[in-house]
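Inside the fold
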Amino acid sequence: MEFTLLWAALLGMGMLWAALWLEDRAELLGEGRRVAFDRALVAAVAALAVGRLAAMISTGTNPWAHPGDIVIVRGGVDTGFAALTALGWLLWSARQRLPAALDELGPAALAGLAGWHAGCLFRGTCLGARSDLPWAVAQRGSEVSRHPTEIYAALLLLATAAAAFWWLRRGPRLGLVGFSALAAAGAIRWLTEPLRPSLGAGPVGWYAAAVAVGLTGLLWQSLRRGAVGSRSGPVP
Amino acid sequence: MRRVARAVLFALLSAACTAGGGGGTVDAAPLSPTDPGQFRLLLAASDAPVVVNVWASWCLPCRSEAPLLRIAHQRFGAEVRFVGLNVQDSQPQAAAFLTEFGLAFEQYSDPRRRVPSLLGGVGVPITYFFAPGGELVHLHSGVIDERTLALQIDELLGR
């Protein structure tokens, strides 16, 4: 039985929780840490389930005939459907104070994703495309040095999470931090995707869509007159 | 809102019900029996790198990685030799598995699981990566994911 995926997931959840704890201490969470953490956790679990189902269907496995396959997460999770499910759940569960909730979750989600990518250290999946750069790393017993791609992604996501947290503390217009976080997450995955080993082109279309939606939301919120909702509670 | 939710649910269920086998076009021939000696010779005689996947039709994780192996074979089959090693299985069920997933690379049968016992690794599935000439480069026990499979194939091609 392999538990490396579980350790990576726990690291991601730990980073998410730590970021929410920091936000809570800075009094940036309108509904409290537990509500935000539960919301993110449900989004992640639902995303995993739907993404796995979508991957099974796309590779020709009938979920009705083989329901047990859904737990073999390592067999593949469809990134696009997983992201849509997570976003859909967030939009629905936080509908009463959506821009504020997205802002609060933005830095924490980036930190959680950073933890998930850093979990490659448990999984032994940090390395990507071949490279001659001085910091490139070779697998044990190999002379082929490679980019530590997942470490790049983890560091970029962590730096972006810190920037988003700093921005949130400055009290920007509602929605800007949340949409920026979505665009940043998509952009970081998109930028690092060519450095990942893959059997295909990777889900770059979905990453581009995340960037487009994030930037569109950012622009829309920036141009709106006045802000809808408040950081402290639901819209009446 | 409920109508939309019902429509989405219906669409998802319909998609799930209509998802058939991955390949479905491959008619599996009876698997050739092999033993450790023959298999060693096969590996040593190969001019190309070899990816050996140990599988069984009753093995749940094998079902998850089968589509990845089909895609990998389609993409790298010209440069890398893919070999399936069916263990502790019945011929009809193994043939049905191959047909369902459209695995078109060479397959061997090892009912008593003697080859993996010699090569190392426990359980099923196991994926071995051999350099040309039969040197074992990497052994992956358990279900393999896309990134690991692609990385190890790239390692083989980089030698």
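As the structure is a prediction and not an experimental result, all values here were calculated from the model.

1. As for the packing of helix 4 (residues 98-118) of chain A against helix 7 (residues 176-192) of chain A
When two helices pack together, their arrangement is captured by the angle between the axes and the distance separating the axes. All names here are of chain A. Between helix 4 and helix 7, the least distance of the axes is 6 Å, while the angle of their chain directions is 25°. With respect to their mutual orientation, helix 4 and helix 7 come out roughly parallel. The interaxial crossing formed by helix 4 with helix 7 has left-handed handedness. Facing Leu102, Asp103, Gly106, Pro107, Leu110, Leu113 and His117 of helix 4, the residues of helix 7 in contact are Leu176, Val177, Gly178, Ala181, Ala185 and Arg189. The class makeup of the residues in the contact of helix 4 with helix 7 is eight nonpolar, three polar and two charged.

2. Here's the deal with the environment of Val211 of chain A
All names here are of chain A. By the secondary structure assignment, Val211 is in helix 8 (residues 204-223). Judged by its relative accessible area of 13%, Val211 is buried. Sequence spacing of Val211 and Gly186 is 25 residues, and the spatial spacing of their C-alpha atoms is 5.2 Å. For Val211, the contacting residues outside a window of four places in its chain are Ala183, Gly186, Ala187 and Trp190.

3. Notes on the environment of Arg34 of chain A
Positionally, Arg34 of chain A belongs in helix 2 (residues 33-58). Of the residues examined, Arg34 of chain A reaches a relative accessible area of 72% and is grouped as exposed.

4. Some thoughts on the interface of chain B and chain A
Across the contact, 40 residues belong to chain B and 33 residues belong to chain A. Both faces combined, the contact of chain B with chain A buries some 2900 Å², and carbon together with sulfur accounts for 52% of it. Counting the surface chain B buries against chain A, the share from its top three residues, Arg147, Leu151 and Glu155 of chain B, is 21%. Linking chain B with chain A are six salt bridges. Residue Asp145 of chain B is joined to Arg74 of chain A by a salt bridge in which the shortest nitrogen-to-oxygen separation is 3.4 Å. Summed over the shared surface of chain B and chain A, the result is 17 residue pairs in polar contact (both at pLDDT 80 or more). Of all the secondary-structure elements, those providing two or more residues to the side of chain B that touches chain A are helix 1 (2-18), helix 3 (60-76), helix 4 (91-101), strand 6 (136-141) and helix 6 (146-157) of chain B. With 11 residues, the top contributor of residues to the side of chain B that touches chain A is helix 3 of chain B. When grouped by side-chain class, the residues that make up the side of chain B that touches chain A number 20 nonpolar, 10 polar and 10 charged.

Parameters and conventions
- Residues numbered from 1 in each chain as written.
- Chains lettered and ligands numbered in written order.
- Predicted model: local features only at pLDDT ≥ 70, side-chain atom pairs only at ≥ 80, totals over all residues.
- Heavy atoms only, no water.
- Axes fitted to C-alpha atoms, helices over the stretch in contact; angles between N-to-C directions.
- Helix = DSSP H or I, 4+ residues; strand = E, 2+ residues; numbered from the N terminus.
- Parallel < 35°, antiparallel > 145°, perpendicular 65-115°, else oblique.
- Left-handed = near helix turned anticlockwise from the far one by under 90°.
- Contact = heavy atoms within 4.5 Å.
- Nonpolar A, V, L, I, M, F, W, Y, C, P; charged D, E, K, R; others polar.
- Buried < 20%, exposed > 50% of the residue type's maximum accessible area, 1.4 Å probe, protein only.
- Buried area = accessible area lost by both parts, 1.4 Å probe.
- Salt bridge = Lys/Arg side-chain N within 4 Å of Asp/Glu carboxyl O.
- Polar contact = N/O pair within 3.5 Å; in protein donor to acceptor, adjacent residues only side chain to side chain.

By themselves these figures say nothing about function.
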